[in-house]
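Fold and geometry: a report
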Amino acid sequence: MIAFVLDASVAVKWSIPSANETLTAQSVQLLQRYVNGEINFIVPDVFWAEVGNVLWKGVRQRRWPQVLADAAAEEIKNRNFLSISSLTLLPEALRIAFLHDRSVYDCLYVALAVQFNVEMVTADERLANALAARLPVKWLGAF
């Protein structure tokens, strides 16, 4: 089975789809492949906090109601993705961050992809453009 490191930017798109949100269809197609057992997802433990922060921010900005954010958080939590400790990823993530001038948060995902020899999928086009030529990072729009 193919595995991907899943960026929080992708997971939130399928949890709270919006007509104004780009790449929603691609994120839902990726989720469907997961549900069908075609692929699997691995996440660093910071994924859960990042998803929660995006959901909180969306409520704060009145993009969606809190009840929808709560339901989305529960849905994502129930997916039970394999979650790897950021502590074990930190040395590689820090090395990548210094080398490519990217945040350690983003580089935790990249370090996980390197460790498991899989691709990281992200909706962050700037991140993908900055790293895809040298590291296993794939932009959601390329799916």
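Please refer to the structure placed before this passage.
Now for a description of the structure that goes with this document. (Residues numbered from 1 in each chain as written. Predicted model: local features only at pLDDT ≥ 70, side-chain atom pairs only at ≥ 80, totals over all residues. Heavy atoms only, no water.)

The buried count for strand β2 (residues 39–44) comes to five of six residues, which makes it a mostly enclosed element. Examined bridge by bridge, strand β1 (residues 2–6) and β2 share four bridges and lie parallel to one another. Residue pairing across strands places Ala 3 opposite Asn 40, the latter belonging to β2. Pairing of β2 with strand β3 (residues 82–84), which is carried by three bridges, proceeds in the parallel orientation. Paired with Pro 44 across the strands is Ile 84, a residue of β3. (Buried < 20%, exposed > 50% of the residue type's maximum accessible area, 1.4 Å probe, protein only. Helix = DSSP H or I, 4+ residues; strand = E, 2+ residues; numbered from the N terminus. Pairing = 2+ DSSP bridges.)

Here we take up the side chain of Asp 106. With respect to the helices and strands, Asp 106 occurs in helix α6 (residues 104–116). No salt bridge is formed by the buried Asp 106; the nearest opposite charge belongs to Arg 102, separated by 6.2 Å. Sequence-distant contacts of Asp 106, that is, excluding residues within four places in its chain, are made with Asp 124 and Leu 127. (Lys, Arg positive; Asp, Glu negative; His and termini not counted. Salt bridge = Lys/Arg side-chain N within 4 Å of Asp/Glu carboxyl O. Contact = heavy atoms within 4.5 Å.)

Ordered by their spatial adjacency, five strands build an open sheet running β3-β2-β1-β4-β5, and the pairing between neighbours is parallel. In this open sheet, the two edge strands, each paired with only one partner strand, are β3 and β5 (137–139). Between one strand axis and the next, the sheet turns by 35° as a mean value, whatever way the strands run. Across three bridges, the pairing between strand β4 (residues 119–122) and β5 is parallel. Looking at β5, one finds that Met 120 is bridged to Val 137. Running at roughly 95° to β1, helix α1 (residues 8–15) makes contact with β1, β2 and β4 of the sheet. Docked against the sheet, α6 engages β1, β2, β3, β4 and β5, running at close to 130° with respect to β2. (Axes fitted to C-alpha atoms, helices over the stretch in contact; angles between N-to-C directions.)

This part is about the side chain of Lys 13. Tracing the sequence through the fold places Lys 13 in helix α1. Looking at Lys 13, the relative accessible area reads 8%, which means it is buried. Within polar-contact distance, the side chain of Lys 13 engages the backbone oxygen of Thr 22 at 2.9 Å. (Polar contact = N/O pair within 3.5 Å; in protein donor to acceptor, adjacent residues only side chain to side chain.)

Turning next to helix α2 (residues 24–35). The terminal C-alpha atoms of α2 lie 16 Å apart, and with twelve residues this matches the ideal 16 Å at 1.5 Å per residue to within 8%. Among the residues making up α2, those that are buried are Thr 24, Ser 27, Leu 30, Leu 31 and Tyr 34. Each buried residue of α2 sits inside an arc of 125° when the element is viewed along its axis, so together they form one side. With its phi angle positive at about 80°, Gly 37 sits one or two positions after the end of α2. (Expected span 1.5 Å × (residues − 1). Arc of directions from axis to C-beta.)

Any functional reading would require information that these geometric values do not contain.
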